[in-house]
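Structural overview
Letter by letter, the chains look like this.
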Amino acid sequence: MDPDYSAQDVARCDLCKTAIAQSYCDFCHVNLCKPCIGEHIISDDYKKHIIVPIHQRKSTLIYPKCQAHQNEDCKYQCKDCSISICSDCIASKHHNKEHEFVKLEEVFNTKKSHIQSDTKELENQILPAYEEIANELEMQIASLDGEYKKLTTEMSVQREEIHREVDNAINQMEKEIDEIKVKHHSILQKHLDEIKQLQSLMQQTLLVLNEIEESNEVSKTIHFSSKNEEFSKLPPKVIASMPKFIPKQIKREELYSLIGKLTPLSTTLEERVSTANKPNTSVRELLAEPEVLNTIKTGHKNLRSVTCLNEEQIWTSGETADIKCFNIQGVLQKTIKTKSGKFHNDIAVESDGALLYSAGTPMTVNKVKNDQTEKIITLQGWKPFNLCVTFSGDLLVTMFSVDYTQSKVVRYSGSTVTQTIQFDDKGQSLYSGNKRIKYISENRNLDICMADCGAGAVVVVNQTGKLRFRYTGHPSPTKNKPFEPRGITTDSQSRILTSDWNNDCIHILDTDGQFLRYIDNCDLKGPYGLCVDRNDSLFVCEYYKDNVKKIRYSK
């Protein structure tokens, strides 16, 4: 569109400055009202003026002047020489008559068409691609602190582990020292006891000798036997060498090897393929009639959430402390009870198979891995509700203030907050502030999609948190109850699927929020949580029936 004029603006006459312009001079490039046309065309070079209706402005072509025939316009182009020429050039011998000529108007129109095509491609394809790249880089930069925090945390865990092992080793050696000391003491004490016993015998012998010396009894004297030879043989000296601690010299290289290895920063350049030129080899079209493939009876009370562990297993949860894992044939594989033993809000699965669940009391998000449960997020003043593990491995958590007047979405990298989404560009709340379910999902284009039950809308923001659109339902004579979305998920085609609690159906939207169709032929009762596996099979929780239905809706 011409930046100087738009149908939304009122063009004023460039001569009188007040009247509305109905005409335009394509030679002078000025807007004219009817009274001013006459004044304009009586000026010098009046023959050159070209008056056209204003909506045809700039429709008259301005040709270049011929260098050989100064009064002639060049309306042709030589296809061989690629230069502009006039009709006199063609008629005269001034230009090679064997060359081919084309009208400049045709060249102009062709070039204009190419320019329009370039403009459209630049606006609709190339610039959005660069915007997506810029957004992706901004998100990467924003997540750096969290990622490097995770790295240093892992090293701190290793440091604590090494310290613990060193303490254990030192404690063991100290225990050994105590044991050696007791043994050493026992050896010396035994020898001392033997010496003291001999000393006692010697003292007794001295008493006998003194008595004999004082006595004049013949028999006692002549029968005395000396023990000095026996006593003169001194006992062997006990030499017990003290144990020594020989510290091992610590070599830095060996210490580094003991701690672990830090890989260097690695960067590569990967060629990007424009979305417009990238072939779509995995298009899945919607079926005319979706079909139920299987119904899994979960035994939950008020079934609310389902998430895919893989193509063969799903996790389910309801309004109890139990979280159950089923295979797709409906056979129970495993049951986990929440650590608090209380009702939890939602579940999600990480790429390594670890189970996450949120709890309002206490206000935590917990991870279950290898049958061990740990708190990974603890909140104050906010209650965590619904969860979504993103394609990058981050965790999105919807949460309410404790008084249920505010709600927001928080992105975590590990346990570190990297993004908070709560307000639009005008400072208005993006999401309703009441105690109503707010299931969340991430699209393939990294949009964040929320089923805001309290607002009766699907609210979609881009990865930076900027509002893209709100979907508030689709007019239908058979779906006459208020639109009340509960669960939400997205598939491989970036379509958005949301459950309509009141009307017992599923709405399918395209990536821009345009309604595509309903899934309303599968006898759904109170559809709630949703998830889609890698094959685009849809799993739907039925709140009242406590069943999960597996539905095929695309091919």
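Anything mentioned here points back to the structure above.
Report follows, based on the coordinates. Since the structure is predicted, the reported quantities are computational estimates derived from the model, not experimental observations. (Residues numbered from 1 in each chain as written. Predicted model: local features only at pLDDT ≥ 70, side-chain atom pairs only at ≥ 80, totals over all residues. Heavy atoms only, no water.)

A word on the packing of aromatic side chains
Remark: the centre distance and the inter-plane angle together describe each pair of aromatic rings, the angle taken between the planes. As a reminder, the rule being used: Aromatic pairs are defined between Phe, Tyr and Trp rings, using the six-membered ring for Trp, whenever the two ring centres lie within 6.5 Å; interplanar angles under 30 degrees are classed as stacked, those over 60 as edge-to-face, and all others as tilted. Only protein chains enter the calculation, and the probe is 1.4 Å; a residue is then buried if its accessible area is under 20% of its type maximum, exposed if over 50%, and partly exposed in between. We count a stretch as a helix when DSSP gives it H or I for four or more residues in a row; a strand needs E for two or more, and each element gets its number in order from the N terminus.
Tallied over the entire structure, the rule returns ten aromatic pairs. Note on phenylalanine 400 and tyrosine 404: the rings are 6.0 Å apart at their centroids and 55° apart in plane angle, and the pair reads as tilted. Across this residue pair, the class does not change: phenylalanine 400 and tyrosine 404 are buried. Taking the centre distance of 5.2 Å and the plane angle of 75° together, the rings of tryptophan 501 and tyrosine 543 count as edge-to-face. Of the two residues, tryptophan 501 is situated in the loop between β25 (496–500) and β26 (505–509) and tyrosine 543 in the loop between β29 (537–542) and β30 (547–554); the sequence distance between them amounts to 42 residues. By relative accessible area, tyrosine 543 is classed as buried at 13%. In textbook terms, an aromatic cluster arises when at least three aromatic residues are bridged by ring pairs, as seen for Tyr439, Trp501, Tyr528, Tyr543 and Tyr544.

Section: unusual backbone geometry
Following threonine 361, the chain continues into proline 362 via a peptide bond in cis, with omega recorded as -5°. Take proline 362: it is sitting in the loop between β13 (355–359) and β14 (364–369). Even without being glycine, leucine 446 reaches a positive phi, approximately 70°. Note on placement: leucine 446 falls in the loop between β20 (438–442) and β21 (448–452). Within the chain, aspartate 546 stands out as a residue other than glycine whose phi angle is a positive 60°. Position of aspartate 546 among the secondary structure elements: in the loop between β29 and β30. Looking at aspartate 546, the relative accessible area reads 17%, which means it is buried.

So, a nonpolar patch on the surface
To keep it simple, the criterion reads: Patch membership is restricted to residues that have no salt bridge and whose relative accessible area is over 30%. Joining uses 9 Å for like charges and 5 Å for the nonpolar side chains Val, Leu, Ile, Met, Phe, Trp and Tyr. What sets the accessible areas is the Shrake-Rupley method with a 1.4 Å probe; for residues, cover comes only from the shown protein chains. For this analysis, a salt bridge means a side-chain nitrogen from Lys or Arg found within 4 Å of a carboxyl oxygen belonging to Asp or Glu.
On the surface, Ile141, Leu144, Tyr148, Leu151, Met155, Leu262 and Leu265 cluster together to form a nonpolar patch covering roughly 750 Å² of accessible area. For the nonpolar patch, the element with the most residues is helix α4 (residues 144–214), which contributes four residues. Within the secondary structure layout, leucine 144 lies in helix α4. Take leucine 144: its relative accessible area is 41%, and that puts it in the partly exposed class.

Quick look at the sheet that holds β25
Adjacent strands of a sheet pair through backbone hydrogen bonds, lying either parallel or antiparallel. Quick note on the threshold: At least two bridges found by DSSP between two strands is the condition for calling them paired. To get an axis, fit a line to the C-alpha atoms, keeping to the stretch in contact for a helix; angles then go from 0 to 180 degrees between the N-to-C directions.
The four strands are arranged β24-β25-β26-β27 in an open sheet whose pairing can be described as antiparallel. Both outer strands of the open sheet, β24 (485–490) and β27 (515–519), are each paired with one neighbouring strand and no more. Ignoring strand direction, the axes of neighbouring strands in this sheet form an average angle of 20°. As defined by bridge partners, β26 adjoins β27 across four bridges and the pair is classed as antiparallel. The partner of isoleucine 508 across the bridge, within β27, is arginine 517.

Observations regarding the nonpolar core
Soluble globular proteins tend to pack their nonpolar side chains together in the buried interior. Defined as follows: In these notes, a set of buried Ala, Val, Leu, Ile, Met, Phe, Trp, Tyr and Cys residues joined through side-chain atoms within 4.5 Å is what counts as a nonpolar core. Any two residues whose heavy atoms approach within 4.5 Å at even a single point are treated as in contact.
The biggest cluster of nonpolar side chains holds 26 residues, and the ones touching the most others in it are Val306, Ile314, Ile488, Ile496, Tyr528, Phe539 and Val548. Elements with a minimum of two residues in this core: β8 (305–308), β21, β22 (457–461), β23 (467–471), β28 (527–532) and β29. Non-local contacts of isoleucine 314, meaning those with residues more than four positions away in its chain, are made with Ile296, Val306, Thr307, Cys308, Leu309, Lys324, Cys325, Phe326, Phe539 and Val548. Listed in part, the 13 residues of the second largest apolar core include Ala348, Leu356, Val397 and Tyr412.

Focus: the pattern of salt bridges
Pairing is possible between side chains of opposite charge, provided their charged atoms come close. Throughout the structure, instances matching the rule amount to 22 salt bridges. Where glutamate 147 meets lysine 150, a salt bridge forms, and the shortest distance between an N and an O atom there is 3.7 Å. Residue glutamate 147 and its partner lysine 150 are located together in helix α4, separated by three residues, close to a single helical turn. Here arginine 284 and aspartate 536 are joined by a salt bridge, their closest N and O atoms 3.4 Å apart. Of this pair, arginine 284 sits in the loop between α7 (252–259) and β7 (286–297) while aspartate 536 sits in the loop between β28 and β29, placing them 252 residues apart in sequence. On the accessibility criterion, arginine 284 (25% relative accessible area) is partly exposed. A cluster of three or more residues bridged by salt bridges with shared partners is formed by Arg436, Glu484 and Arg486.

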